[in-house]
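Listed here are the chains, written in short residue letters.
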There are 2 protein chains.
Amino acid sequence: MPHEITPKLFFKQRVMTPGPVEVPPDVLLEMAQPIIHHRTKQFQAIFKELCDKLAWLFGTTGPVLSIAGSGTTAFESAQTSLILPGSKALTIAGGKFGERWQDVYEAHGVEQIKINVPWGRAVSPAEVGDALKKNPGVSVVTMCHSETSTATAADVKAIASIVSKTDALLLVDGITSVGAMPVKMDEWGIDCLVTGSQKAMMLPPGLGYVGLGKRALDRLNNTKPKGLYNLDLRRWLKSHAKNDVPFTPPVSLIRGQVVALKMLETQGLETVWGRTAKLAAATRTGFEAMGLKLASQSPSDSVTGAFYPEGVNDKTFRGAVRDQFGIHIAGGQDGRGDKWEGKVFRVSHMGYVDAGDTLAALCAIETQLIASGHKTTPGTAADAAAKVLLT
Amino acid sequence: MPHEITPKLFFKQRVMTPGPVEVPPDVLLEMAQPIIHHRTKQFQAIFKELCDKLAWLFGTTGPVLSIAGSGTTAFESAQTSLILPGSKALTIAGGKFGERWQDVYEAHGVEQIKINVPWGRAVSPAEVGDALKKNPGVSVVTMCHSETSTATAADVKAIASIVSKTDALLLVDGITSVGAMPVKMDEWGIDCLVTGSQKAMMLPPGLGYVGLGKRALDRLNNTKPKGLYNLDLRRWLKSHAKNDVPFTPPVSLIRGQVVALKMLETQGLETVWGRTAKLAAATRTGFEAMGLKLASQSPSDSVTGAFYPEGVNDKTFRGAVRDQFGIHIAGGQDGRGDKWEGKVFRVSHMGYVDAGDTLAALCAIETQLIASGHKTTPGTAADAAAKVLLT
């Protein structure tokens, strides 16, 4: 049972994986309300509120569509709906999720110019600019803002300013950035921004969100779908204009999302971004104080990854951190070339997580690293992190 | 607010539309449990239980996949994953949903032999047999077991016995039949059976289920996907073999579904089917006693539809039934040819609904029909229905 206090060391359960993340009690209770029908004024009012709050969160005057499914469903719908028939996609990857978007275009037979940077490094804006110059006929550029598998953040703002000067649309995977880190869709010139419900949006999995800027809307209005039904964003847009969705929506999740977004609104985005950044900075400091090497050279603020010291077994380590301290953290992931499973572990800073949870995680990780033979003085991580958190 | 008692006539709110339907309190509370991560033994145990119970419900020894999204997502994945490249689909429609599956194949450029029967009539097994004889090269037959838009049930058992003797696979939309009416996947020879969470499964919307028989599995193992990623059932099957899903699943819905399925298990499927049939029979009897004409010549037991008497305005009528009596019922739907919006109304018998709810609905409908000028003696519908229910 999660969230009971484990008998051994008096720790509660804390889900600190980079998705799903903890869902605030008020959101859980809202979702436990009796079902309502989706073709009612009551639901339409809730849905309208969701759309308005999503637009605020994304920083866009364009529509933000709510699509039933995983973040992958939402991103695939954007990829396949926005690519021009016969054109090429410039696809940037430096981790498992960037590679997934390459796999999606591969499955759909879309020709790609691939930029694959080493895992843990972010693509540079210059690399993107050069690739666009060298390769005419690119109609979509895909990238991850925060690559969850390597805990790496890319400079979307700078890249958007380059892509927006071309005919290509910039499609950004903001699945672990929206609601955690500054992302300003219209101001930065992002044409399409996608996120999922189970990250900084503080909801269970089951919904993906797709924000569409002016250039993306023009593209959709002027191209014909090919081999798409459910994933065809034109279908969703048409319903959206009537404050509706084309297929029965996950009404409970939508109700919960409105409550979660109200919480973000009350706190203020700058506060939320600031807190997330602080928790991340404290975690990085704590990890480095223990002598760990960070997974990323360009760390994201929504998730922190570190390489295991020599001799620590991933499964045993994370199992103990979970079973003895109640802290659920994630391991590494394997990609096409790079294999990070067993080599890194990752801790999330998204959503309903605070300084106390972060200190608890650092303490558990440190204690278990020492038990696994790593040399560090007990208290080092918490002490270093506390200095960051409390100043 | 739903489910408060309306001040005017002391009625609670009752969602009796053919999806979403009421979710039992125990299921709502289960979904309100704190989030758990999906890559854990705890979740795997829950997921295994879900898969086992789904197989029991579907009546199959094959896998039943749980796909995030709407029922449409699940059905499109089955349609596109199972069709042989270059082959034809025989698509049967007699309502909005049958037509939707034709639209899906249209969007994917699949050649179709269409059987379009008049709305309210079920296709006959002979029509299907003839079409298959006349049209070689059909690799998939699609049909609705219960066509929700017209409240019509088709004889899937007889049709399956015909299709199973050919090389074509039978793909059945059981979205408003599974859990409400007898459907026996393996025994009847259905190759692929699809349902959604928000109907007789007693869950909020957000999950679709795809059951695969032996012939469907063989087909999947021997064909290559084309233009599919998320919707490619091969990807889901590969994960399923490891008791997993390829993309972050809606963990809360999955937990809730296990509890809802336990309820069906405790009651027994025969009991659930019998109750649903009884509620439907009582409703039909009540409608006919008031002089209404049923929407279907071959009525489904999961939903009952009736034509409005002359002069009753759909929106005003359903608005009053909802606002004054708390009963949420559905209107008609428009198709490509037939336009039933404004002409019929529909009441669901699926899931967490009892004799009391059904009598309340009949009483409200009768009272409001009389207020709209329809001539019938007050008490007629409830009296006729009660005789069916209590004998």
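The rules behind the values
- Residues numbered from 1 in each chain as written.
- Chains lettered and ligands numbered in written order.
- Predicted model: local features only at pLDDT ≥ 70, side-chain atom pairs only at ≥ 80, totals over all residues.
- Helix = DSSP H or I, 4+ residues; strand = E, 2+ residues; numbered from the N terminus.
- Rg over C-alpha atoms; globule rule 2.2 N^0.38 Å.
- Buried ≥ 20, exposed ≤ 12 C-beta atoms within 10 Å, placed from the backbone.
- Contact = placed C-beta atoms within 7 Å.
- Domains from an automatic or database assignment.
- Nonpolar A, V, L, I, M, F, W, Y, C, P; charged D, E, K, R; others polar.
- Pairing = 2+ DSSP bridges.
- Core = buried A, V, L, I, M, F, W, Y, C linked by C-beta atoms within 7 Å.
- Expected span 1.5 Å × (residues − 1).
- Axes fitted to C-alpha atoms, helices over the stretch in contact; angles between N-to-C directions.
- Least-squares fit on C-alpha atoms with pLDDT ≥ 70 in both.
- Parallel < 35°, antiparallel > 145°, perpendicular 65-115°, else oblique.
- Left-handed = near helix turned anticlockwise from the far one by under 90°.
- Arc of directions from axis to C-beta.
- pLDDT = per-residue confidence, 0-100.

**A few points about the overall build of chain A**
Line of reasoning, step 1. Across its full length, chain A holds 14 helices and 14 strands.
Line of reasoning, step 2. Its C-alpha radius of gyration of 21 Å places chain A within 12% of the 21 Å reference for a compact globule of 391 residues.
Line of reasoning, step 3. Over its C-alpha atoms, taken along the principal directions, chain A stretches across nearly 65 × 55 × 35 Å.
Line of reasoning, step 4. Counting the 391 residues in chain A, one finds 56% classified as buried.
Line of reasoning, step 5. A separation of at least 24 residues holds for 72% of the contacts in chain A among residues at least 6 apart in sequence.

**Some remarks on the domain arrangement of chain A**
All names here are of chain A.
Line of reasoning, step 1. Domain annotation for chain A reports domain 1 (14–23 + 268–389) and domain 2 (25–265).
Line of reasoning, step 2. The distance between the C-alpha centroids of domain 1 and domain 2 comes to 27 Å.
Line of reasoning, step 3. Elements with a contribution of two residues or more to the side of domain 1 that touches domain 2: α11 (269–289) and β11 (303–307).
Line of reasoning, step 4. Considering each element in turn, the side of domain 1 that touches domain 2 owes the most residues, four residues, to α11.
Line of reasoning, step 5. Of the residues contributing to the side of domain 1 that touches domain 2, the split by class is 13 nonpolar, twelve polar and four charged.

**A look at the pairing of strand β14 (residues 344–348) of chain A**
Residue and element names in this part refer to chain A.
Line of reasoning, step 1. Extensive coverage of β14 is indicated by the burial of five of its five residues.
Line of reasoning, step 2. Alternating positions in β14 separate into two faces, Val344, Arg346 and Ser348 on one and Phe345 and Val347 on the other, with burial throughout.
Line of reasoning, step 3. Bridge count for β11 against β14 is five bridges, and the pairing is antiparallel. Residue Ala306 lies in a different strand from β14, and its bridge partner there is Phe345.

**Here's the deal with the nonpolar core**
Line of reasoning, step 1. One finds Val141(A), Cys192(A), Val210(A), Val141(B), Cys192(B) and Val210(B) to be the most contacted residues of the largest nonpolar core, which totals 247 residues.
Line of reasoning, step 2. Apart from residues no more than four positions distant in its own chain, Val210(A) is found in contact with Val64(A), Leu65(A), Ile67(A), Ala74(A), Ser77(A), Ala78(A), Cys192(A), Val194(A) and Leu233(A).

**Here we look at helix α10 (residues 251–267) of chain A**
Residue and element names in this part refer to chain A.
Line of reasoning, step 1. Here α10 contains 17 residues, and its C-alpha end-to-end distance of 25 Å stays within 8% of the 24 Å for a straight helix at 1.5 Å per residue.
Line of reasoning, step 2. Those residues of α10 that sit buried are Val251, Ser252, Leu253, Ile254, Arg255, Gly256, Gln257, Ala260 and Leu261.
Line of reasoning, step 3. Its buried side turned inward, α10 meets α1 (25–31), α2 (41–58), β2 (64–68) and β10 (207–212).

**Concerning the pairing of strand β9 (residues 192–196) of chain B**
Residues and elements named next belong to chain B.
Line of reasoning, step 1. The buried count for β9 comes to five of five residues, which makes it a mostly enclosed element.
Line of reasoning, step 2. Neither face of β9 is exposed, since Cys192, Val194 and Gly196 on one face and Leu193 and Thr195 on the opposite face are all buried.
Line of reasoning, step 3. Judged from the three bridges that link them, strand β8 (residues 169–173) and β9 form a sheet pairing that is parallel. By the bridge assignment for β9, Asp173 is matched with Val194.

**Here we look at the sheet that holds strand β13 (residues 330–331) of chain B**
All names here are of chain B.
Line of reasoning, step 1. One open sheet holds the three strands; their spatial order is β11-β14-β13, and the pairing between them is antiparallel. Strand pairing shows two members of the sheet lacking a second neighbour, β11 (303–307) and β13, which therefore form its edges.
Line of reasoning, step 2. Relative to β11, helix α11 (residues 269–289) is tilted by about 10°, and along the sheet it contacts β11 and β14 (344–348).

**Re the sheet that holds strand β4 (residues 111–116) of chain A**
Residue and element names in this part refer to chain A.
Line of reasoning, step 1. Spatially, β2-β10-β9-β8-β5-β3-β4 is the arrangement adopted by the seven strands of the open sheet, whose pairing is mixed. If you trace the sheet from one side to the other, it starts and ends with β2 and β4, each paired once. Within this sheet the neighbouring strands show an average axis-to-axis angle of 20°, counted without direction.

**Here's the deal with the interface of chain B and chain A**
Line of reasoning, step 1. The interface of chain B with chain A comprises 45 residues on the first partner and 45 residues on the second.
Line of reasoning, step 2. Contributing elements (two or more residues each) for the side of chain B that touches chain A: α1 (25–31), α3 (71–82), α4 (96–107) and α10 (251–267) of chain B.
Line of reasoning, step 3. Of the residues that constitute the side of chain B that touches chain A, the class distribution is 24 nonpolar, 18 polar and three charged.

**So, the relation of the copies chain B and chain A**
Line of reasoning, step 1. Once chain B has been moved 0.0 Å along the axis and rotated by 180°, it coincides with chain A to within an RMSD of 0.0 Å. The transformation relating the two chain copies, once decomposed into turn and shift, fits a two-fold axis. By C-alpha distance to the rotation axis, the residue of chain B lying nearest is Gly69(B), at 2.1 Å.
Line of reasoning, step 2. Interface overlap between copies: 100% of the residues of chain B at the interface are likewise at the interface in chain A, consistent with a symmetric, same-surface contact.

**Points about the packing of helix α12 (residues 314–325) of chain A against helix α13 (residues 355–371) of chain A**
All names here are of chain A.
Line of reasoning, step 1. Packing of α12 against α13 brings their axes to within 10 Å, and their N-to-C directions diverge by 125°. Here α13 runs oblique to α12, going by the angle between their axes. Crossing hand, α12 versus α13: right-handed. Here α12 contributes Phe317, Ala320, Val321 and Phe325 to the contact with α13, which in turn contributes Ala364, Ile365 and Gln368.

**Notes on the packing of α11(A) against α13(A)**
Residues and elements named next belong to chain A.
Line of reasoning, step 1. α13 packs onto α11 with a crossing angle of 15° between their chain directions and a minimal axis gap of 10 Å. Taken as axis vectors, α11 and α13 run roughly parallel relative to one another. As α11 packs across α13, the resulting crossing turns out to be right-handed. Facing Leu279, Ala282, Thr283 and Gly286 of α11, the residues of α13 in contact are Ala355, Thr358 and Leu362.
Line of reasoning, step 2. Across the contact of α11 with α13, the residue classes tally to four nonpolar, three polar and no charged.

**Quick word on the environment of Thr80(A)**
Line of reasoning, step 1. Position of Thr80(A) relative to the elements: it lies in helix α3 (residues 71–82).
Line of reasoning, step 2. Through-space distance from the C-alpha of Thr80(A) to that of Leu233(A) is 8.8 Å; in sequence the pair is 153 residues apart.

**Considerations on unusual backbone geometry**
All names here are of chain A.
Line of reasoning, step 1. The linkage connecting Gly19 with the following residue, Pro20, adopts the cis geometry, with an omega of -5°.
Line of reasoning, step 2. Locating Pro20 in the fold gives a position in the loop between β1 (14–15) and α1.
Line of reasoning, step 3. Unlike most non-glycine residues, Ala151 shows phi in positive territory, near 60°.
Line of reasoning, step 4. Inspection of the secondary structure assignment puts Ala151 in the loop between β6 (146–147) and β7 (152–153).

**Remarks on helix α14 (residues 380–389) of chain A**
Residue and element names in this part refer to chain A.
Line of reasoning, step 1. Among all positions in α14, only Ala381, Ala382, Ala384, Ala385 and Leu389 are buried. Down the axis of α14, the buried set is contained in an arc of 165°. They therefore lie on one face.
Line of reasoning, step 2. Those residues of α14 that are buried lie in contact with α11 and α13.

**So, the environment of Ala180(A)**
All names here are of chain A.
Line of reasoning, step 1. Mapped onto the fold, Ala180 is located in the loop between β8 (169–173) and α7 (185–188).
Line of reasoning, step 2. Looking at Ala180, the number of C-beta atoms within 10 Å reads 31, which means it is buried.
Line of reasoning, step 3. Between the alpha carbons of Ala180 and Met201 there is a distance of 8.6 Å; along the sequence they are 21 residues apart.
Line of reasoning, step 4. For Ala180, the contacting residues outside a window of four places in its chain are Ala200, Thr276, Asp301, Ser302 and Met350.

**Let's talk about the confidence of the model for chain A**
Line of reasoning, step 1. Residues of chain A with pLDDT of at least 70 account for 98%, and the chain-wide mean is 95.
Line of reasoning, step 2. Two numbers describe this predicted complex: its pTM, 0.93, and its ipTM, 0.88.

**A short note on the environment of Leu203(A)**
Residues and elements named next belong to chain A.
Line of reasoning, step 1. When you line up the elements, Leu203 lands in the loop between β9 (192–196) and β10.
Line of reasoning, step 2. Given 31 C-beta atoms within 10 Å, Leu203 falls into the buried group.
Line of reasoning, step 3. It is 9.3 Å that separates the C-alpha atoms of Leu203 and Ile254, two residues lying 51 residues apart in sequence.

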